[in-house]
Amino acid sequence: VQEEKIFAGKVLRLHVCTMEGAEWLEEVPEDTTVEKLKERCLKHCVPGSLEDPKTVTHHKLIHATSEKVLTDTKTVLEENIQDRDVLLLIKKRAPPPLPKMADVSAEEKRKQEQKAPDKDAILKATANLPSRNVDRTVAHHNMRDFQTELRKILVSLIEVAQKLLALNPDAVELFKKANAMLDEDEEDRVDEIALRQLTEMGFPESRAVKALRLNHMSVTQAMEWLIEHADDPTVDAPLPGQTPSEATAEAGASSAEATAGPSSETGGEEAKDELTEIFKKIRRKREFRPDPRAVIALMEMGFDEKEVVDALRVNNNQQNAACEWLLGDRKPSPEDLDKGIDTNSPLFQAILENPVVQLGLTNPKTLLAFEDMLENPLNSTQWMNDPETGPVMLQISRIFQTLNRT
């Protein structure tokens with residue numbers, strides 16, 4: 001008995017297949033390399049000799065069960081091949097031929113033809129076109145955002161409304177009426193659309209009213225408050241009323257105003273002074289109220305309370321926008337908020353020429369709406385839905401959009 005047969009490894013019977021459909025049984029010791037096994041397999045299916053080394057390297061063996069490509073340098077045992085396993089003998093796919101220089105040049109030329117023209121090419125191609133007269137002021141203005149412009153529009157319209165109302169013979173009485181509206185609307189007026197949205201979600205009406213009043217009629221913030229206080233036993237407790245000092249002060253102011261009416265004896269100067277005092281009271285009552293939750297959250301980041309309030313005022317009580325303002329260049333500044341629109345601009349002239357706006361400016365409630373939206377932009381929705389002030393706001397919006405498209 002030959003020595004190599006005594007110490008030979010276990011013989012495996014392997015089932016080999018080709019892509020052409022040939023099949024046979026190959027018996028090899030388990031210490032046979034994959035390369036030797038591949039040579040034996042190629043003798044069954046490749047005509048001629050195997051002296052050409054490319055014949056072996058251009059084929060590969062794949063284990064059918066695991067779909068693994070066998071490594072030439074490893075043995076059958078190292079590749080964990082078992083008796084009666086199925087192997088596939090496959091010719092390797094030839095690599096794609098390298099492109100010819102002529103083909104490369106043609107491809108580059110095609111890409112250049114499809115490339116978009118640069119600025120210099122556009123200017124050269126359009127140099128002979130006739131120029132158009134474009135109003136650069138209007139073009140720049142049209143790019144501005146409506147919400148940003150609205151604040152400037154309101155500042156200027158408030159001045160116009162005050163002058164128009166002051167010319168009215170019943171000016172003092174009109175502004176007393178406006179001042180009285182301020183006393184009642186904060187607690188009594190509720191945005192009906194916002195309330196309906198919350199009740200349709202399943203919240204009780206009284207609880208929804210309380211949430212809206214606590215959150216400046218913001219549906220989103222009111223809904224968050226309702227969810228946070230769902231299990232609070234005091235959630236349905238009524239809101240606290242005015243403090244005695246505030247009630248006494250306002251009662252005294254009302255009685256003083258009731259006794260001070262315009263008369264032929266007092267003269268125009270006294271009536272003018274009284275109007276000025278009423279204007280001041282209206283503005284004091286409409287001072288900006290920052291969202292307390294946003295103030296706390298931003299102050300916890302390390303910002304000073306004053307700059308937090310400024311940030312919220314500039315960004316309409318939006319916490320994320322206020323945070324970006326604080327971290328950025330802080331433009332616009334709080335002082336910019338009190339600047340009105342250019343009174344000679346086409347936009348402002350178009351607004352003043354609108355009949356609906358002209359009529360609305362003689363209504364003290366419109367002045368109240370402008371003041372309220374100026375200091376508390378979150379309240380703009382309820383004024384848009386108001387039957388008296390809504391048409392005025394709608395016309396302002398339409399005029400802006402019309403000019404913005406031209």
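We now turn to the structure provided with this report.

What counts as what
Residues numbered from 1 in each chain as written. Predicted model: local features only at pLDDT ≥ 70, side-chain atom pairs only at ≥ 80, totals over all residues. Heavy atoms only, no water. Helix = DSSP H or I, 4+ residues; strand = E, 2+ residues; numbered from the N terminus. Contact = heavy atoms within 4.5 Å. Pairing = 2+ DSSP bridges. Buried < 20%, exposed > 50% of the residue type's maximum accessible area, 1.4 Å probe, protein only. Core = buried A, V, L, I, M, F, W, Y, C linked by side-chain atoms within 4.5 Å.

**Re the environment of Ile 351**
Moving on, step 1. Structurally, the position occupied by Ile 351 is in helix α17 (residues 346-352).
Moving on, step 2. Remark: the alpha-carbon pair of Ile 351 and Ile 153, spanning 198 residues in sequence, is separated by 9.2 Å.
Moving on, step 3. Not counting residues up to four positions away in its chain, the partners in contact with Ile 351 are Ile 153, Leu 157, Val 357, Ile 396 and Ile 399.

**Quick notes on the sheet that holds strand β4 (residues 68-69)**
Moving on, step 1. The five strands are arranged β2-β1-β5-β3-β4 in an open sheet whose pairing can be described as mixed. Bordering the open sheet on either side are β2 (23-29) and β4, each of which pairs with just one other strand.
Moving on, step 2. In this structure, strand β1 (residues 11-18) lies alongside strand β5 (residues 86-91), joined through four bridges in parallel fashion. Its bridge partner lying in β5, Thr 18 is registered against Leu 89.

**A short note on the pairing of β2**
Moving on, step 1. Across the two faces of β2 the burial differs, with Trp 24, Glu 26 and Val 28 buried and Glu 23, Leu 25, Glu 27 and Pro 29 not buried at all.
Moving on, step 2. Looking at chain direction, β1 and β2 are connected through seven bridges and run antiparallel. Of the residues in β2, the one forming a bridge with Cys 17 is Glu 23.
Moving on, step 3. Counting the residues that bridge the hairpin from β1 to β2 gives four residues, and of these Gly 21 lies at a positive phi of roughly 105°.

**Regarding the nonpolar core**
Moving on, step 1. Counting 25 residues, the largest nonpolar core has Ile 153, Leu 157, Leu 347, Ile 351, Phe 370, Met 373 and Ile 396 as the members making the most contacts within it.
Moving on, step 2. Of all the secondary-structure elements, those providing two or more residues to this core are α7 (146-166), α17, α19 (364-375) and α21 (390-405).
Moving on, step 3. If near-sequence neighbours (up to four positions away) are discounted, Leu 157 is found in contact with Phe 348, Ile 351, Leu 352, Leu 361, Phe 370 and Ile 396.
Moving on, step 4. By size, the runner-up hydrophobic cluster in this structure holds 16 residues, among which are Leu 42, Leu 61, Leu 87 and Leu 89.

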